[in-house]
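Fold and geometry: a report
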Amino acid sequence: MSLPLAAIPLTSQQLSERYFRSIAEVIEARVGIQLPASKRTMVEGRLRKRVRALHLDSLDAYARHLFDEGRLADEFVHLVDCVTTNKTDFFREPAHFDLLRSKLVPRLCALPAHRGERPLLKIWSAAASTGAEGYTLAMVLQDMIAAGHRFDYAILGTDVSTEVLRSAADGIYSEEMLAAVPPEIRRRYVMIARDPARQIGRIVPELRRRVRFRHLNLMDERYAVDRDVDVVFCRNVLIYFDRPTQKAVLGRLAGHLRPGGYLVVGHSESMSVAGVPGLTQVTSTVFRR
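Now for a description of the structure that goes with this document.

About the thresholds
- Residues numbered from 1 in each chain as written.
- Predicted model: local features only at pLDDT ≥ 70, side-chain atom pairs only at ≥ 80, totals over all residues.
- Heavy atoms only, no water.
- Helix = DSSP H or I, 4+ residues; strand = E, 2+ residues; numbered from the N terminus.
- Rg over C-alpha atoms; globule rule 2.2 N^0.38 Å.
- Buried < 20%, exposed > 50% of the residue type's maximum accessible area, 1.4 Å probe, protein only.
- Contact = heavy atoms within 4.5 Å.
- Lys, Arg positive; Asp, Glu negative; His and termini not counted.
- Charge placed at Lys NZ, Arg CZ, Asp CG, Glu CD.
- Phe/Tyr/Trp six-rings, centres within 6.5 Å; stacked < 30°, edge-to-face > 60°.
- Lys NZ or Arg CZ within 6 Å of the ring centre and 35° of its normal.
- Pairing = 2+ DSSP bridges.
- Axes fitted to C-alpha atoms, helices over the stretch in contact; angles between N-to-C directions.
- Salt bridge = Lys/Arg side-chain N within 4 Å of Asp/Glu carboxyl O.

Considering the overall build of the protein
Each helix and strand counted, the protein has 12 helices and 10 strands in total. The C-alpha atoms of the protein give 21 Å as radius of gyration, which agrees with the globular expectation for 289 residues (19 Å, within 12%). Dimensions along the principal axes, computed over C-alpha positions, put the protein at roughly 65 × 50 × 30 Å. Taking all 289 residues of the protein together, the buried fraction comes to 49%. The contacts of the protein with a sequence gap of at least 6 include a subset with a gap of at least 24, amounting to 73%. On the protein, the mean spot of the 42 positive side-chain charges and the mean spot of the 33 negative ones are 5 Å from each other.

Structure representation (structure tokens):
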């Protein structure tokens with residue numbers, strides 16, 4: 001009979017060095033994310049919910065379940081959900097959205113491939129997490145259309161974590177998280193719960209229909225994504241990869257951009273893009289194919 005986790009001795013709530021290394025190695029090999037020793041306490045804390053869910057009595061018992069009892073394939077999606085970091089905010093690094101509005105979209109609409117009555121812009125949020133980036137993009141583009149710009153758009157959000165993708169598709173966020181959305185934009189695109197005690201809001205149906213979410217592992221050799229994407233946002237995920245993995249991922253992402261399309265990365269990641277074939281730097285964090 002398994003014990004409640006709170007009743008398990010502290011030593012049993014920790015991973016042995018051998019099993020921590022095994023978990024770190026499989027995560028880096030399959031997902032690209034590095035888990036150095038400094039992340040061990042974080043990993044242990046996040047895996048405890050799986051210990052409880054599987055009615056096991058220790059973290060090492062969970063690791064044995066994965067590696068010694070042959071259950072890694074069955075459990076892998078949950079393991080990834082536990083160890084991935086899903087920090088995201090609405091309008092994070094707002095200069096990127098200002099640039100999208102003022103320069104990138106007008107330039108894209110002027111491309112030969114988009115000349116016509118109402119061009120369709122394809123935007124890819126390649127590390128979508130719980131969806132804040134994708135919905136921020138939709139808010140900006142929808143406001144441009146409302147202001148008279150003539151284009152249509154479709155947004156794809158992908159992530160390696162199935163758990164966050166379910167949350168993203170629901171489009172429900174705490175009022176605390178939604179506070180980063182400017183009030184006038186929030187009034188247009190967020191439905192606040194009628195019961196103030198719930199303190200949540202939901203993205204309006206019009207925008208939820210515009211943003212699709214799909215599972216995708218950036219470590220895969222091929223991505224099931226169109227190869228005429230206009231803008232790829234891949235921000236604050238490359239920092240978790242080693243240099244060879246960064247270059248490989250960036251090369252694959254660039255291959256999905258249409259000629260004249262843009263790749264947007266985080267401020268701490270711009271040096272990673274240097275030297276990627278076919279990409280020209282536009283600003284410190286924006287690159288053009």
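What to know about unusual backbone geometry
Backbone geometry at Phe 91 places phi at a positive 55°, although glycine is not the residue there. With respect to the element layout, Phe 91 can be found in the loop between α4 (72–83) and α5 (95–109). In the Ramachandran plot, Ser 129 falls in the positive-phi region, its phi being about 50° despite a non-glycine side chain. One can find Ser 129 in the loop between β1 (120–125) and α6 (132–146). Given the relative accessible area of 4%, Ser 129 is considered buried.

Quick word on the packing of aromatic side chains
Applying the stated criterion across every chain yields a total of six aromatic pairs. For the ring pair Phe 90 and Tyr 173, a centre distance of 5.0 Å and an interplane angle of 85° mean the geometry is edge-to-face. Of this pair, Phe 90 sits in the loop between α4 and α5 while Tyr 173 sits in strand β3 (residues 172–174), placing them 83 residues apart in sequence. Here the two residues Phe 90 and Tyr 173 agree in accessibility, since each one is buried. Ring centres of Tyr 135 and Phe 213 lie 5.7 Å apart, and the angle between their planes is 65°; this geometry places the pair in the edge-to-face category. Of this pair, Tyr 135 sits in helix α6 while Phe 213 sits in strand β6 (residues 211–215); the two residues are 78 residues apart in sequence, bridging distant segments of the chain. The same class applies to Tyr 135 as to Phe 213, namely buried. Among the aromatic residues, those joined into a cluster by ring pairs are Phe 90, Tyr 135, Tyr 173 and Phe 213. Positioned above the aromatic ring of Phe 76 is the side chain of Arg 30, whose terminal nitrogen or guanidinium carbon lies 5.0 Å from the ring centre. The ring of Tyr 153 has Arg 210 sitting right over it, with the charged end atom 4.3 Å from the ring centre.

A look at the sheet that holds strand β10 (residues 286–288)
Taken in spatial order, the seven strands make up an open sheet running β6-β2-β1-β7-β8-β10-β9, and their pairing is mixed. The strands lining the two open edges of the sheet, one partner per strand, are β6 and β9 (280–281). Strand direction decides the pairing type here: β9 and β10, joined by two bridges, are antiparallel. Residue pairing across strands places Thr 280 opposite Arg 288, the latter belonging to β10. Contacts between α6 and the sheet are confined to β1, β2 (152–159), β6 and β7 (229–234), with β2 contributing the most and set at about 175° to the helix. Sheet strands touched by helix α7 (residues 162–170): β2 and β6. Its angle to β6, the strand with the most contacts, is close to 165°.

A closer look at the environment of Arg 118
Along the chain, Arg 118 falls in the loop between α5 and β1. Residue classification places Arg 118 among the partly exposed positions, given a relative accessible area of 41%. Taking the C-alpha atoms as reference, Arg 118 lies 36 Å from Met 271; in sequence the two are 153 residues apart. Sequence-distant contacts of Arg 118, defined by excluding residues within four places in its chain, comprise Ile 145, Arg 150, Phe 151 and Asp 152.

Section: the pattern of salt bridges
According to the stated counting rule, one finds 15 salt bridges in the structure shown. Between Glu 133 and Arg 235 there is a salt bridge; the shortest N-O distance is 2.8 Å. On the criterion of sequence distance, the pair formed by Glu 133 in helix α6 and Arg 235 in the loop between β7 and α11 (243–254) is long-range, its members being 102 residues apart. Pair check on accessibility: Glu 133 and Arg 235 agree, each one buried. With a closest N to O distance of 3.8 Å, Asp 228 and Arg 258 form a salt bridge. Of the two residues, Asp 228 is situated in the loop between β6 and β7 and Arg 258 in strand β8 (residues 257–265); the sequence distance between them amounts to 30 residues.

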